[in-house]
Amino acid sequence: MQIFDYQPPAVPWLDVRYKDRDLIIINKPSGLLSNPGIAAHTFDCALTRLQRLYPETILVHRLDCATSGIMVFARNKKAESHLKTQFQDRQSKKVYIAEVMGHVPQQQGVIDLPIAPDTEHPPYQKVLQAGETGGKSALTHYRVLEHRENSTLVELSPQTGRTHQLRVHMLALGHPILGDEFYGTAEVIGAKPRLCLHAQGLCFNHPYSGKAMCFYSKHPFSE
């Protein structure tokens, strides 16, 4: 199992993009956990940083530690329930930007491959091969944004929210996400100083007013 060396960034300590009586939107930096782990040194995270300012803050969803971008938190139980239902019923819309190894040949496509825990190598995930059972359906739409010298910038729109879905799906496509210390080769890991995966957009309905809301944080993966 890979050893988790946790050194959360101090700057920005918190990047709050929006708040009202029901919710808070932040732009999470890469390297910061969404919520605390079991070990004491993982207490510092997006949730606990928010709770220092807004003690009522409730976690709604997660981004992987190495993934940056837009997250929504609830400020009361009713908002939490409403937002979680939207995520579970796939009513929310998420858009990620990733820089991946090599040139993706098709301009756009759909990756429809079920995902299951790799029981021999936790906490890794894997796509299931034909005939294998026990996984959960996983669907990702992708669109090429830009071909670079040795990589491709892609837009990823997951229709499901499986653990490590985007990392595992791009790996299965033959184009692992640059900087991925979990699933990448030495070449992939050394290509960038961080995982090149960013939650750029998130849309959902406001839990109180029902109004459609969209939040955006431009990806940092310029050449």
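Note that the structure is a prediction, hence the values are computed from the model and not measured. (Residues numbered from 1 in each chain as written. Predicted model: local features only at pLDDT ≥ 70, side-chain atom pairs only at ≥ 80, totals over all residues. Heavy atoms only, no water.)

S.K.: How would you summarise the overall build of the protein chain if you had to cite specific residues and measurements?
M.R.: Scanning the protein chain for helices and strands turns up four helices and 12 strands. Across its three principal axes, the protein chain shows a C-alpha extent of roughly 45 × 40 × 35 Å. The buried share of the protein chain, taken over its 223 residues, is 48%. Long-range pairs, those at least 24 residues apart, make up 62% of the contacts in the protein chain with a sequence separation of at least 6. Only carbon and sulfur atoms are counted for the fraction: they give 52% of the accessible area of the protein chain, which is about 11700 Å². Side-chain charges of the protein chain comprise 24 positive and 21 negative groups, with the mean position of each set lying 9 Å from the other. (Helix = DSSP H or I, 4+ residues; strand = E, 2+ residues; numbered from the N terminus. Buried < 20%, exposed > 50% of the residue type's maximum accessible area, 1.4 Å probe, protein only. Contact = heavy atoms within 4.5 Å. Areas by Shrake-Rupley, 256 points an atom, 1.4 Å probe, with all protein chains shown as cover. Lys, Arg positive; Asp, Glu negative; His and termini not counted. Charge placed at Lys NZ, Arg CZ, Asp CG, Glu CD.)

S.K.: Go over the packing of aromatic side chains with me, naming the residues and quoting the values.
M.R.: The full count for this structure, using the stated rule, is five aromatic pairs. For the ring pair Tyr124 and Phe182, a centre distance of 5.2 Å and an interplane angle of 55° mean the geometry is tilted. Here Tyr124 is found in the loop between strand 7 (115–117) and strand 8 (125–127), whereas its partner Phe182 is found in the loop between helix 3 (165–172) and helix 4 (186–191), with 58 residues between them in sequence. Plain terms: the ring middles of Phe182 and Tyr183 are 6.1 Å apart, the flat faces sit at 40° to each other, and that makes the pair tilted. An aromatic cluster is built from Tyr18, Phe204 and Phe215, whose rings are joined through pairwise contacts. (Phe/Tyr/Trp six-rings, centres within 6.5 Å; stacked < 30°, edge-to-face > 60°.)

S.K.: Please set out empty space enclosed by the protein residue by residue, giving values where relevant.
M.R.: Counted under the stated rule, the structure contains one cavity of 30 Å³ or more. Estimated volume of the largest cavity: approximately 60 Å³. Taken together, His61, Arg62, Leu63, Ile70, Lys94, Tyr96, Ala199, Gly201 and Leu202 make up the full set of residues lining the largest cavity. For the lining of the largest cavity, the secondary-structure elements that each account for two or more residues are strand 5 (93–101) and strand 11 (197–205). Residue composition of the lining of the largest cavity, by class: five nonpolar, two polar and two charged. (1 Å grid on protein atoms, 1.4 Å probe; cavity = no way out; pocket = protein on both sides within 12 Å on 5 of 7 lines; lining within 4 Å. Points joined across faces, edges and corners; volume = space filled by probe spheres on them. Nonpolar A, V, L, I, M, F, W, Y, C, P; charged D, E, K, R; others polar.)

S.K.: Account for the side chain of Thr160, naming residues and giving values.
M.R.: You can see Thr160 is positioned in the loop between strand 10 (151–158) and helix 3. By relative accessible area, which is 8% here, Thr160 ends up buried. From its side chain, Thr160 meets the backbone nitrogen of Leu139 in a polar contact 3.0 Å long. If we skip the residues at most four places from it in the chain, Thr160 touches Arg90, Ser137, Ala138, Leu139 and Gln165. (Polar contact = N/O pair within 3.5 Å; in protein donor to acceptor, adjacent residues only side chain to side chain.)

S.K.: Explain the pairing of strand 5 to me, and be specific about the residues and the numbers.
M.R.: Look at any regular strand and the pattern is simple: side chains alternate between the two faces of the sheet. Within strand 5, seven of the nine residues are buried, which leaves the element mostly enclosed by the surrounding structure. Bridge count for strand 5 against strand 11 is six bridges, and the pairing is antiparallel. By the bridge assignment, Val95 is partnered in strand 11 with Gly201. Here six bridges tie strand 5 to strand 10, and the two strands are oriented antiparallel to one another. (Pairing = 2+ DSSP bridges.)

S.K.: How would you summarise the pattern of salt bridges if you had to cite specific residues and measurements?
M.R.: Under the definition given, this model contains 12 salt bridges. One salt bridge connects Glu80 with Lys84, and the closest N-O pair in it is separated by 2.8 Å. Residue Glu80 and its partner Lys84 are located together in helix 2 (residues 77–88), separated by four residues, close to a single helical turn. Classification of Glu80 as buried rests on a relative accessible area of 10%. Across the pair Glu155 and Arg143 runs a salt bridge, and its minimum N-O distance is 3.0 Å. A residue pair is termed long-range when its members are at least 10 positions apart, and Glu155 in strand 10 and Arg143 in strand 9 (residues 139–147) qualify at 12 residues. Assessed through its relative accessible area of 35%, Arg143 is described here as partly exposed. Taken together, the shared-partner salt bridges connect Glu99, Glu146, Arg148 and Lys192 into one network. (Salt bridge = Lys/Arg side-chain N within 4 Å of Asp/Glu carboxyl O.)

S.K.: How would you explain the nonpolar core if you had to name every residue and give the values?
M.R.: Judged by nonpolar contacts, the single largest core of 38 residues is most densely connected at Phe73, Leu156, Ile177 and Leu197. Contributing elements (two or more residues each) for this core: strand 2 (23–28), helix 1 (46–53), strand 4 (68–74), strand 5, strand 9, strand 10, helix 3 and strand 11. Looking at this core, the element that brings in the most residues is strand 5, giving five residues. If sequence neighbours within four positions are ignored, Leu197 has contacts with Thr67, Ser68, Tyr96, Ile97, Ala98, Leu156, Leu166, Ile177 and Phe221. In terms of nonpolar packing, the next biggest core, distinct from the first, is built from 14 residues, Val60, Ala74, Phe87 and Met213 among them. (Core = buried A, V, L, I, M, F, W, Y, C linked by side-chain atoms within 4.5 Å.)

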